[in-house]
Amino acid sequence: MWVKICGITDRDAARMAQAEGASAIGVVMADSPRRVSPEQARTIVAAIDIESYLLTDDGEPDRVLELAAEIGVTGVQPYGLAAPQTAAAARKGGLAVLRPVKVGCERPAIEGIPRDQMILTDTDVAGAHGGTGRPFDWSLVRGMQRPFVLAGGLTPDTVAEAVTLARPDGVDVSSGVESSPGKKDRNLVRAFIERANT
């Protein structure tokens, strides 16, 4: 199971996530208690050799790509009104894309998302891009007919059930493995990765 530990705020947490078996990490440059500066993000990404994603909100595509190159990430996770344009530009520039799709009470519409962008399903919470720690009905995304990553309220206690219900190709967690906002807990990260793979 591909596992991304998102909202990494320092080098030690990045190295810990890699050591515990994470497939990828995420650094946040959006409105969040986990927000880091470009300099911090560059230091974090340089400390690891697994995949890394830059989370942005409402950034101009050219600026997001400049930041991605400056930081050295392997991919982007764009939110906001410019997300489709940013995702397309990132793919053209050779970056991986995690394309967020909000899920409410119905199965999400994904037909317009290019297949070279990996779908990331997350809980639809008004006024928030993600990282709310709230789950949705995971059965809504089962059998989507294309690969996707599951996020939204996942914790070590819920990830095994979520994987069973949704059948994702990967999982993404942030607040569910923290002792406080932005502070990853090694025991929770280890348990999450182990249970995601059971």
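Scope of this entry: the structure provided in the associated data block.

About the criteria used
- Residues numbered from 1 in each chain as written.
- Predicted model: local features only at pLDDT ≥ 70, side-chain atom pairs only at ≥ 80, totals over all residues.
- Heavy atoms only, no water.
- Salt bridge = Lys/Arg side-chain N within 4 Å of Asp/Glu carboxyl O.
- Helix = DSSP H or I, 4+ residues; strand = E, 2+ residues; numbered from the N terminus.
- Buried < 20%, exposed > 50% of the residue type's maximum accessible area, 1.4 Å probe, protein only.
- Axes fitted to C-alpha atoms, helices over the stretch in contact; angles between N-to-C directions.
- Parallel < 35°, antiparallel > 145°, perpendicular 65-115°, else oblique.
- Contact = heavy atoms within 4.5 Å.
- Nonpolar A, V, L, I, M, F, W, Y, C, P; charged D, E, K, R; others polar.
- Arc of directions from axis to C-beta.
- Core = buried A, V, L, I, M, F, W, Y, C linked by side-chain atoms within 4.5 Å.
- Pairing = 2+ DSSP bridges.

## Let's talk about the pattern of salt bridges
This model, assessed by the stated rule, comprises nine salt bridges. Two residues, R34 and E178, come together in a salt bridge whose shortest N-O distance is 2.8 Å. Taken together, the positions of R34 in the loop between β2 (24-29) and α2 (38-46) and E178 in strand β9 (residues 178-180) put the pair 144 residues apart, joining distant regions of the chain. Judged by relative accessible area, which is 12%, E178 ranks as buried. For the salt bridge of D157 with R195, the shortest nitrogen-to-oxygen distance reads 3.4 Å. Here R195 lies in helix α6 (residues 186-196) and D157 lies in the loop between β7 (148-150) and α5 (159-166), a separation of 38 residues in the sequence. Taking the relative accessible area as the measure of exposure, D157 reaches 69% and is therefore exposed. Its relative accessible area of 37% is what places R195 among the partly exposed residues. One network of salt bridges, with partners in common, ties together E20, R186 and R190.

## So, the packing of α2 against helix α3 (residues 61-71)
It is the contact of α2 with α3, at a shortest axis distance of 8 Å, that shows an interaxial angle of 45°. If you check the angle between α2 and α3, you find them oblique. Residue-level contacts link P38, A41, R42 and V45 of α2 to L67, E70 and I71 of α3. When grouped by side-chain class, the residues that make up the contact of α2 with α3 number five nonpolar, no polar and two charged.

## Regarding α3
Where α3 is concerned, the buried positions are P61, V64, L67, A68 and I71. One side of α3 carries all its buried residues, which in axial view fall inside an arc of 125°. Those residues of α3 that are exposed and angled more than 90 degrees off the buried face are D62 and A69. Looking at the buried residues of α3, the elements they touch are β2, α2, β3 (51-57), β4 (75-79) and α4 (83-92).

## Topic: the nonpolar core
The tendency in soluble globular proteins is for nonpolar side chains to be buried as a group. Ranked by size, the top nonpolar core spans 52 residues in total, and within it I5, L54, L150 and V171 carry the most contacts. Look past the residues within four positions of I5 in its chain and what remains in contact with it is A17, A22, A24, I25, G26, V173, V177, K184 and V189. Listed in part, the twelve residues of the second largest apolar core include C6, A30, Y79 and L120.

## Focus on the sheet that holds β2
Strand order in the closed barrel formed by eight strands is β1-β2-β3-β4-β5-β6-β7-β8, with parallel pairing between adjacent strands. Across this sheet, the average inter-strand angle for adjacent strands is 30°, counted without regard to direction. For β4 and strand β5 (residues 96-103), the ladder comprises two bridges, and the chain directions are parallel. Opposite G75, over in β5, you have A96 as the bridge partner. Contacts from α3 reach β2, β3 and β4 within the one sheet, and its direction differs from that of β3 by about 150°.

## Quick look at the pairing of β3
As a general feature of sheets, a regular strand has side chains that alternate between the two faces. In terms of residue burial, β3 counts as a mostly covered element, since five of its seven residues are buried. In terms of strand pairing, β2 meets β3 through six bridges, oriented parallel. Of the residues in β3, the one forming a bridge with A24 is E51. Note that β3 and β4 share five bridges and pair parallel. Bridging from a neighbouring strand, L54 pairs with V76 of β4.

## Side note on unusual backbone geometry
In this structure, Q145 is a non-glycine residue whose phi angle is positive, near 70°. Inspection of the secondary structure assignment puts Q145 in the loop between β6 (118-123) and β7. Taking the relative accessible area as the measure of exposure, Q145 reaches 69% and is therefore exposed. The phi dihedral of R167 falls on the positive side, at around 55°, and the residue is not glycine. Relative to the elements of secondary structure, R167 occurs in the loop between α5 and β8 (170-173).

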